[in-house]
There are 6 protein chains.
Amino acid sequence: MDFNSDQLIDSILDSYGKYDLTRKMDVDSILNKETLICVLEKVREILFPGYFDKNRIRSEYARFIVGEKIEFVQYHLKKQVAKALGNLDKCTGCPRAYAVEQAEQLVAEFLSKIPAIRDDLYTDVQAFYDGDPAAYSTDEVIFCYPGMYAITTYRIAHELFKLKIPMIPRIMTEHAHSLTGIDIHPGATIGRYFFIDHGTGIVIGETTVIGEHVKIYQGVTLGALSTKKGQQLKGNKRHPTLGNYVTIYANTTVLGGATVIGDNTTIGGNAFIVNSVSEGMKVSVKTPELQFTGGTEGKNN
Amino acid sequence: MDFNSDQLIDSILDSYGKYDLTRKMDVDSILNKETLICVLEKVREILFPGYFDKNRIRSEYARFIVGEKIEFVQYHLKKQVAKALGNLDKCTGCPRAYAVEQAEQLVAEFLSKIPAIRDDLYTDVQAFYDGDPAAYSTDEVIFCYPGMYAITTYRIAHELFKLKIPMIPRIMTEHAHSLTGIDIHPGATIGRYFFIDHGTGIVIGETTVIGEHVKIYQGVTLGALSTKKGQQLKGNKRHPTLGNYVTIYANTTVLGGATVIGDNTTIGGNAFIVNSVSEGMKVSVKTPELQFTGGTEGKNN
Amino acid sequence: MDFNSDQLIDSILDSYGKYDLTRKMDVDSILNKETLICVLEKVREILFPGYFDKNRIRSEYARFIVGEKIEFVQYHLKKQVAKALGNLDKCTGCPRAYAVEQAEQLVAEFLSKIPAIRDDLYTDVQAFYDGDPAAYSTDEVIFCYPGMYAITTYRIAHELFKLKIPMIPRIMTEHAHSLTGIDIHPGATIGRYFFIDHGTGIVIGETTVIGEHVKIYQGVTLGALSTKKGQQLKGNKRHPTLGNYVTIYANTTVLGGATVIGDNTTIGGNAFIVNSVSEGMKVSVKTPELQFTGGTEGKNN
Amino acid sequence: MDFNSDQLIDSILDSYGKYDLTRKMDVDSILNKETLICVLEKVREILFPGYFDKNRIRSEYARFIVGEKIEFVQYHLKKQVAKALGNLDKCTGCPRAYAVEQAEQLVAEFLSKIPAIRDDLYTDVQAFYDGDPAAYSTDEVIFCYPGMYAITTYRIAHELFKLKIPMIPRIMTEHAHSLTGIDIHPGATIGRYFFIDHGTGIVIGETTVIGEHVKIYQGVTLGALSTKKGQQLKGNKRHPTLGNYVTIYANTTVLGGATVIGDNTTIGGNAFIVNSVSEGMKVSVKTPELQFTGGTEGKNN
Amino acid sequence: MDFNSDQLIDSILDSYGKYDLTRKMDVDSILNKETLICVLEKVREILFPGYFDKNRIRSEYARFIVGEKIEFVQYHLKKQVAKALGNLDKCTGCPRAYAVEQAEQLVAEFLSKIPAIRDDLYTDVQAFYDGDPAAYSTDEVIFCYPGMYAITTYRIAHELFKLKIPMIPRIMTEHAHSLTGIDIHPGATIGRYFFIDHGTGIVIGETTVIGEHVKIYQGVTLGALSTKKGQQLKGNKRHPTLGNYVTIYANTTVLGGATVIGDNTTIGGNAFIVNSVSEGMKVSVKTPELQFTGGTEGKNN
Amino acid sequence: MDFNSDQLIDSILDSYGKYDLTRKMDVDSILNKETLICVLEKVREILFPGYFDKNRIRSEYARFIVGEKIEFVQYHLKKQVAKALGNLDKCTGCPRAYAVEQAEQLVAEFLSKIPAIRDDLYTDVQAFYDGDPAAYSTDEVIFCYPGMYAITTYRIAHELFKLKIPMIPRIMTEHAHSLTGIDIHPGATIGRYFFIDHGTGIVIGETTVIGEHVKIYQGVTLGALSTKKGQQLKGNKRHPTLGNYVTIYANTTVLGGATVIGDNTTIGGNAFIVNSVSEGMKVSVKTPELQFTGGTEGKNN
């Protein structure tokens, strides 16, 4: 056989030496995605008791079931946060024990926010139900709507983000992104009564600020302008600001850190917005009715 | 340690009392998503014998294998439908036995539609194969195309929807939505020879009506106009009507229950359509070529 | 009971006789999707050692761990390729042994490309990191970014596509499509330093050609014009060509095999492009600010 | 092919009509072995907190973790007990609701016995540790000793047996039997400080009575004499009675309901005992040393 | 670090060259134990319909469910039998296709024996129920008794053994051995109404012949005399012959191919029998009551 | 409802305070049985390459596959050994880092013994094949014989025991015990060419010494005399010594640390031996043929 496995492996190992895409080797700090997703699901079960449990929950046991879930979250999240703090193996001034202690503190702070997250999510459920005639009940909203999954994950991850925990909030929102097609950066700021309909293709960037009673349809981007010098802009406000009672129809793209969409504004679908829009406006793309003449494949219908 | 688990749990239990996001507790009627997805997959195996089975199916055993799958579907779907009928625990006039009997009847009706669903899917497979030069065979269409997965799930769920079974059709189409990014409401009416290319980001709303030989590209929305009084519009026609031989290019948004797209119409990509389009038109956004001046991040390329 | 299972099964079996959607029966050549996804993941582990392994990899064992993965890929991929070559049961001149031998040769060729794939992916990681201020490290890019997952899968599948292996490359990219909402056909040609931000809803067609240092945002389609005679166009160039240093903003659709986007061009979001754009241009949709008057549901906000 | 699947299936279905080994068909009361084993394991986790949990249990959460396990046991065991009560489908005077209510009561009684079971098991752990010089700690006894697994399962199942719950106690002890080779009937009565060493091959029959501080070695049978009229003896005392401080060495067989082994008795290994032994005796088989001449295979060593 | 992984691996590879315990390498004929156990369980489900299925089986579907199981068994068992025939890689006159054809024939013969296996098992269930006062129903016998599991597995494996299929019958009986502690060689000949009580530790050798209405208790061996020249005795009758209505109590050992236990004989427990016993005898070890004086550890109780 | 869950939980928590069966709480050192079993299986795969792998191993990859397995064993076993060393949380002079380092050293020593373990196992395979006329090949011995599984596990665990690693060797042999019914203490000393036939019920105690070419049948115990002061005898020789070429038939019990069975001795089945037996003797129980008169259940056959 021509195939020489030793030679092949040599060439791959050479390649490992060539680029720094291998630097996790010899380091014991890989975060465990599966564990983090379990943590996320447990928090979701705490937030909506009875909806995502395998069995009926009887109210006389609610205390124990919540307690057991809190314990699970505290135990596992603390371990992952300690890894994510990440200086474990690098600095001398921050020994492992310090990272663990700091992680414990951060997780305790996070857990104390759960009732407040429920306050916000309650308003979101209302907004979903009121906003969609196809919703038969708030149960259906909580149980079936991908937008509800995404906003729940965001509100959890956002609290972790505010505690400056690296990587983990992003892993959670990317999980929701993979399941729902809705990509909300955990750094975004989103007000109450937020409604995402259908969802797939929505992108909400890191420095976006969104008011209350805002509706966003599928395919809407609240993004940044492109840049070559990405890393120099870190921390800058690069994404738009939306006021209260804003509605943005499907597939519209709003870009830029200085772009402000005023209160009570409605933006039609498929618009490309890179400048601010004043309060109360209704903005829309005009669709000219004209003969459409495509490319060279003339035989189309 | 400052962290007090009892206090935290008290605050969460208080929160449970505050909002009605917990009302499933003490009720034994949670639908089982995993079971419903198994049912969906079994029906798909019946519809396309040999494609999704783990092993080769020999034709002399086809009768038994179909029978065994029918039995699985009947047994499990009946249980879930009985739960979904949902009055089980609430009314006095509809005891559990009645719901089970009704569920049995509904599932029998659903099963009798399987050959008709195959009739429709056969036309869809043809439309996919004819519509995509990249398709090497109808096998590839059935085996690989996410659009085929979505339309199959829709045609199954639509039959359940017509039988007025609550929740379950939606759980099935949301499963397909999560896997494919294609969100077809089970209430929509879709004619034969339907072709969805690529798919991600497609939304087809509850009261949409679609003719035959229609092509829809990725990112197309057939949706409703936004509303604050969603629940008052329940049952109204809120989504557009498409005639036969309509083609809609990528990322176009068509909204409104009174919006009618006539036969033989082609709509270009990225259009935002809220009015009707007459038969045979070709409609397209004009892309003006002009200097693009973005927001404040002047340093872009 | 009215329900007659025998009669139902008869009607389903009749339907099997009616349409050719069943022809995989009696044929033992179903590809195993799960195995192919395992192969894909193993190759990804070889490409980015230490990132996706369950445990820390110590560098003194790297040789063995790579060797074991190469063995896994070779063993399983060869079996699947032999099935996909597909002539196994049809021709007389190509006995099974011949297909297996050919598969072995093809897999050896594929494996020898792994270092070159790493060369390309290294440039992609750089492009992601430089292009996104929200990225905290190249680790985060490799570990979390769905766009990175999609481009990695594409670069693997593209090598298999060039070896004319049927079905398998497509199964791999459809897997990535399902997870990320990014649909890159394995036949596309994509240069180095490619950056996909956010990703969901991106479609890149089979005959697309993309230069170096190109940025593509979510919802962008590089597609073909619609056609009724799909199968007659097989092999024709149907998708656009992009030069170097091209940036395309969110939700823009570029269609047609004759459409060329010149070097250093920037195209704004939500544009619908069916004609070529000269080098260095900045093209954008103008969003007219006008009163938006929707359909019949007047009671919207 | 000679093989005719229809004919084969006919002959099997004929066989189903012939014998009553099929009567579970059309009845929905199959007990779920997997669920019962989960219940058993949960009770074991409650009895020995921290030993069989996947993670460390912190004492401040003990209350919640125990509560959650109690809930699991109550919910699932109740369902299985209601099935096992078994009259569900047969009598008219005992409707389903009655069986469920009765099951609830029985499970509550069982749960209230958990502290008492712990009292007994504590003495068993002491007996194991004191009795085996090879045991390094009581931790090792609880974590590793199959005899401990068997006696724990027995003490749980015995409480269920005393509540006259059919089938379930036996399913639990047969599970322990399969894992350990120790077959203790849940009906047996066994005193405190019981020690089983090694265990495999031990059989303790339904009407056995065992005092305190008893040691039983591997291969010991406490059984009944054989009978042709088994079902007429149901409920009779058919198995022996052992006093306190009895030791029985390996492979000894003690049979008969009238056989009593007095206090402080030691019985050597490989004895066959069908008559009573007075208090304080040491009984042993004498092994005559004589030339051993086997069967016809003269060529043995 | 002193540890040198390369050196270690070299020494292991050297060891591979030294002994022939590695000869399966480079050969693709490893039998799949998991598949064979699935086959065994499917046959058991066919034999006792409704007992081991996850769900209730309704009689109107029995035909399909049996058919589907037959198909599963035929498909998988054929593949494994073809591998086990084993000549695949060795001879030139028996190409792969021949082995597959032969396997197909053998499996068809095996399947045709299923009703006859049921005939025998029906008598065994009766014998178990009649023989054990602790049995509450024949349901309990089928569902819970390890002896029933062992005898069922034996009767299946014995049919495969008679068809001269290598390895597979043994893998099945060793699986039962592992679960029950009962080791019945598939080559043994066992009459109807066979009863194994408790079971653990029973050994029944390859050339044993057992009549009808025989009862065997735990720890009984029907074995061969030891030999140094094992392979020269292959095929010889090395294990005992038991007549009808024989009962053997716990832990008794009966050895030798010339040893015949006559009809209506009862043998007490813990006996060591290497000579024949005449019809109707009752044989037992006498347990002398004498002071037992053990070894040097005088401090025993 | 009478049932009060709070009260129940209180009583269980009280019980936790009462006995020390809970002391593992608040300690993070539970060994992971599943991981240890995986380690055991990996070592077995290294010892018998090709027998227990899922796929065919090609000899040109043997080096990599062995290397990858060595890495797995080293990584996981080291972690478990560090836990088992157990002083982690208790002493001040032995910090965690020290335990890890020590564990690394011990695992390296263990790995270096693998070729020597293969040397011994090769002789065992020969002994099994020569000793059992029912064995068709050494392949069958390695693949199917539970005795082979038990002796392999013992030879692995024995090396770990000699390195004074606590708990782990015992967990491994108890796993084999559960699967095979053969309980060999890892502390026993066993010579080459060891043959266990059938196996179930065999017990070989901690301080047993066994020569070469020894055969042990099912149900044989090589045990200690019973004692009340178990822990005071720790480390004493409590189990028998067997010379070379000893054969012990089924169900025989040999007890005591001073009991020596000389070379070339054969002991018949069902004997109870508490004194030494001189070299070359053949010892057997005499089975007196006498009327057997059982207990009170006179109606036996």
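Residues numbered from 1 in each chain as written. Chains lettered and ligands numbered in written order. Predicted model: local features only at pLDDT ≥ 70, side-chain atom pairs only at ≥ 80, totals over all residues. Heavy atoms only, no water.

Topic: the overall build of chain A
Rules: Strands here are runs of E lasting at least two residues and helices are runs of H or I lasting at least four, both read from the DSSP assignment and numbered beginning at the N terminus. Throughout, exposure labels follow a simple rule: accessible area from a 1.4 Å probe, protein chains only, divided by the maximum for the residue type, with under 20% read as buried, over 50% as exposed, and the rest as partly exposed. The contact criterion used throughout is that any non-hydrogen atoms of two residues lie within 4.5 Å. Using a 1.4 Å probe, accessible areas were evaluated by the Shrake-Rupley method; residue-level cover was limited to the displayed protein chains.
Broken down by element type, chain A carries 8 helices and 14 strands. In chain A, which comprises 301 residues, the share counted as buried stands at 65%. Taking the contacts inside chain A whose residues are at least 6 apart along the sequence as the reference set, 48% of them involve residues at least 24 apart. For chain A, the computed accessible surface area is about 10,200 Å², with 50% contributed by carbon and sulfur atoms.

Describing the interface of chain C and chain F
A common way to report how large an interface is uses the accessible area buried once the components associate. Note the cut-off: By definition, the buried area sums, over both parts, the 1.4 Å-probe accessible area that each loses when the two are put together. Any pair of N or O atoms that falls within 3.5 Å is considered a polar contact. Within protein, one atom must be able to donate a hydrogen and the other to accept it, and sequence-neighbouring residues count only if both atoms are side-chain atoms. By the convention adopted, Pro, Cys, Tyr, Trp, Phe, Met, Ile, Leu, Val and Ala count as nonpolar, Lys, Arg, Asp and Glu as charged, and the other residues, Gly among them, as polar.
Facing 15 residues of chain C, the contacting portion of chain F comprises 15 residues. A buried area of about 1,600 Å², summed over both sides, lies between chain C and chain F, and 50% of it is on carbon and sulfur atoms. In this assembly, chain C and chain F are joined by 2 residue pairs in polar contact (both at pLDDT 80 or more). For the side of chain C that touches chain F, a count of residues per class yields 5 nonpolar, 4 polar and 6 charged.

Section: the relation of the copies chain C and chain F
One copy of the chain maps onto the other through a rotation about an axis followed by a shift along the same axis. Put simply, the test is: Here the copies are matched by least squares. The fit uses the C-alpha atoms of residues with pLDDT of at least 70 in both.
Its rotation angle being 180 degrees, the transformation that places chain C on chain F also includes 0.0 Å of axial translation and leaves an RMSD of 0.0 Å. Here the two chains are linked by the operation of a two-fold rotation axis. Among all residues of chain C, the minimum C-alpha distance to the rotation axis is found for Phe64 of chain C, at 2.2 Å. Both copies present the same face, since 100% of the interface residues in chain C are matched by interface residues at the equivalent positions in chain F.

What to know about the packing of helix α2 (residues 33-47) of chain B against helix α7 (residues 146-162) of chain B
All names here are of chain B. To keep things clear, this is the line we draw: For every element, the axis is a line fit to its C-alpha atoms; helices are fit only across the contacting stretch, and the angle between N-to-C directions ranges from 0 to 180 degrees. Note on angle classes: values under 35 degrees are labelled roughly parallel, values over 145 roughly antiparallel, values of 65 to 115 roughly perpendicular, and the remainder oblique.
At a closest axis distance of 11 Å, the pairing of α2 and α7 adopts a crossing angle of 105 degrees. With respect to each other, α2 and α7 are oriented roughly perpendicular. Taking contact as the criterion, the partners of Leu40, Glu41, Val43, Arg44 and Leu47 in α2 are, on α7, Tyr149, Thr152, Thr153 and Ile156.

Here we look at the sheet that holds strand β13 (residues 272-273) of chain B
All names here are of chain B. To keep things clear, this is the line we draw: Here, strands pair whenever DSSP counts at least two bridges between them.
In space, the 5 strands of this open sheet follow the order β1-β4-β7-β10-β13, with parallel pairing throughout. Of all the strands in the sheet, just β1 (183-184) and β13 have a single pairing partner and so form its edges. In this structure, strand β7 (residues 221-223) lies alongside strand β10 (residues 253-255), joined through 3 bridges in parallel fashion. Counterpart to Gly223 in the pairing with β10 is Leu255.

Digging into the packing of helix α5 (residues 114-131) of chain B against α7 of chain B
All names here are of chain B. Selection criterion: With the far helix as reference, a near helix turned anticlockwise by less than a right angle produces a left-handed crossing, and one turned clockwise produces a right-handed crossing.
Interaxial distance between α5 and α7 falls to 11 Å at its minimum, and their mutual angle equals 160 degrees. Classified by the angle between their axes, α5 and α7 sit roughly antiparallel to one another. Of the two elements, α5 crosses α7, and the hand of that crossing is right-handed. Here Ile117, Asp120, Leu121, Asp124, Val125 and Phe128 of α5 come into contact with α7, specifically with Gly147, Met148, Ile151, Thr152, Arg155, Ile156 and Glu159. Within the contact of α5 with α7, the residues separate by chemical class into 7 nonpolar, 2 polar and 4 charged.

Side note on unusual backbone geometry
One non-glycine residue with positive phi stands out, namely Tyr193 of chain D, at about 50 degrees. Backbone geometry places Met167 of chain E, a non-glycine residue, at a positive phi of 65 degrees. Take Met167 of chain E: it is sitting in the loop between α7 (146-162) and α8 (168-180).

So, the confidence of the model for chain A
All names here are of chain A. What counts here: Confidence of the predictor at the level of single residues is captured by pLDDT, which takes values from 0 to 100.
A residue-level look at chain A finds 83% of positions with pLDDT of 70 or above and a mean pLDDT of 85. Scored below 50 in pLDDT, residues 87-93 makes 6 contacts in the model with residues more than four places away or belonging to other chains. Counted against residues more than four places away or in other chains, residues 293-301, with its pLDDT under 50, gives 24 contacts. Scoring the predicted complex yields pTM 0.88 and, for the interface, ipTM 0.86.

Notes on the pattern of salt bridges
Rules: Salt bridges, as used here, are contacts in which a Lys or Arg side-chain nitrogen is within 4 Å of a carboxyl oxygen on Asp or Glu.
Scanning the entire structure with this criterion turns up 79 salt bridges over all chains. Asp10 of chain D is the partner of Arg63 of chain E in a salt bridge, and the nearest nitrogen-oxygen pair spans 3.1 Å. Separated into two different chains, Arg63 of chain E in helix α3 (residues 62-85) and Asp10 of chain D in helix α1 (residues 5-18) make up a pair that spans both. By relative accessible area, which is 21% here, Arg63 of chain E ends up partly exposed.

Observations regarding the side chain of Asp124 of chain F
Residue and element names in this part refer to chain F. Along the chain, Asp124 falls in helix α5 (residues 114-131). Here Asp124 falls in the buried class, since its relative accessible area comes to 0%. A distance of 2.7 Å separates the side chain of Asp124 from the side chain of Arg155, its partner in a polar contact. Among the polar contacts made by the side chain of Asp124, one reaches the main-chain amide nitrogen of Phe194 at a distance of 2.9 Å. In contact with Asp124, not counting residues within four places along its chain, are Met148, Ile151, Arg155, Gly191, Arg192, Tyr193 and Phe194.

Points about the packing of aromatic side chains
As a reminder, the rule being used: Aromatic pairing here means that ring centres of Phe, Tyr or Trp (its six-membered ring) are within 6.5 Å. Orientation follows from the plane angle: under 30 degrees is stacked, over 60 is edge-to-face, and everything else is tilted. Placement of a charge over a ring requires the Lys NZ or Arg CZ to be within 6 Å of the ring centre, with the centre-to-atom vector within 35 degrees of the ring normal.
Inspection of every chain in the model, using the stated rule, returns 54 aromatic pairs over all chains. With a centroid separation of 5.9 Å and an interplanar angle of 50 degrees, the aromatic rings of Tyr249 of chain B and Phe272 of chain C are classed as tilted. Taken together, the positions of Tyr249 of chain B in the loop between β9 (247-248) and β10 and Phe272 of chain C in strand β13 (residues 272-273) put the pair across two chains. Here Phe48 of chain C and Tyr51 of chain C contribute two aromatic rings whose centre-to-centre distance is 6.4 Å and whose plane-to-plane angle is 80 degrees, an arrangement assigned as edge-to-face. Residues Phe48 of chain C and Tyr51 of chain C agree in their burial class; the two are buried. Against the face of Phe72 of chain E rests Lys42 of chain E, its NZ or CZ located 5.1 Å from the ring centre. Here Lys33 of chain F stacks its cationic end above the ring of Phe143 of chain D, 4.9 Å away from the centre of that ring.

Thoughts on the sheet that holds strand β2 (residues 189-190) of chain C
Spatial strand order, β2-β5-β8-β11 (chain C): 4 strands in an open sheet with parallel pairing. Either end of the sheet is taken by a strand with one partner, and the two such strands are β2 and β11 (260-261) of chain C.

A word on the side chain of Asp183 of chain F
Rules: His is not counted here, nor are the chain ends, while Lys and Arg score as positive and Asp and Glu score as negative.
By the element assignment, Asp183 of chain F lies in strand β1 (residues 183-184). Despite being buried, Asp183 of chain F has no salt bridge partner; Arg170 of chain F is the closest side chain of opposite charge, sitting 5.3 Å away. Within the structure, Asp183 of chain F has its side chain in polar contact with the side chain of His198 of chain D (distance 2.8 Å).

Description of helix α5 (residues 114-131) of chain E
What counts, and what does not: For a helix, the expected span equals 1.5 Å multiplied by the number of residues minus one.
With 18 residues, α5 of chain E extends 25 Å from end C-alpha to end C-alpha; this agrees with the ideal 26 Å at 1.5 Å per step. Regarding α5 of chain E, the residues found buried are Ile114, Pro115, Ile117, Arg118, Leu121, Thr123, Asp124, Val125, Gln126, Ala127, Phe128 and Gly131 of chain E.

Considering the environment of Tyr122 of chain F
All names here are of chain F. Here Tyr122 is to be found in helix α5. Given a relative accessible area of 23%, Tyr122 falls into the partly exposed group. Considered as a pair, Tyr122 and Ile273 are 151 residues apart in the sequence and their alpha carbons are 31 Å apart.

As for the state of the cysteines
Test applied: When the sulfur atoms of two cysteines come within 2.5 Å, that pair is taken as a disulfide.
Throughout the structure, instances matching the rule amount to 0 disulfides over all chains. You can see Cys144 of chain D has no disulfide; the closest cysteine sulfur is in Cys38 of chain F, sitting 17 Å from it.

Description of the environment of Gln102 of chain F
Residue and element names in this part refer to chain F. Mapped onto the fold, Gln102 is located in helix α4 (residues 96-112). Take Gln102: its relative accessible area is 32%, and that puts it in the partly exposed class. Counting along the chain gives 21 residues from Gln102 to Val81, while the straight-line C-alpha distance between them is 8.8 Å.

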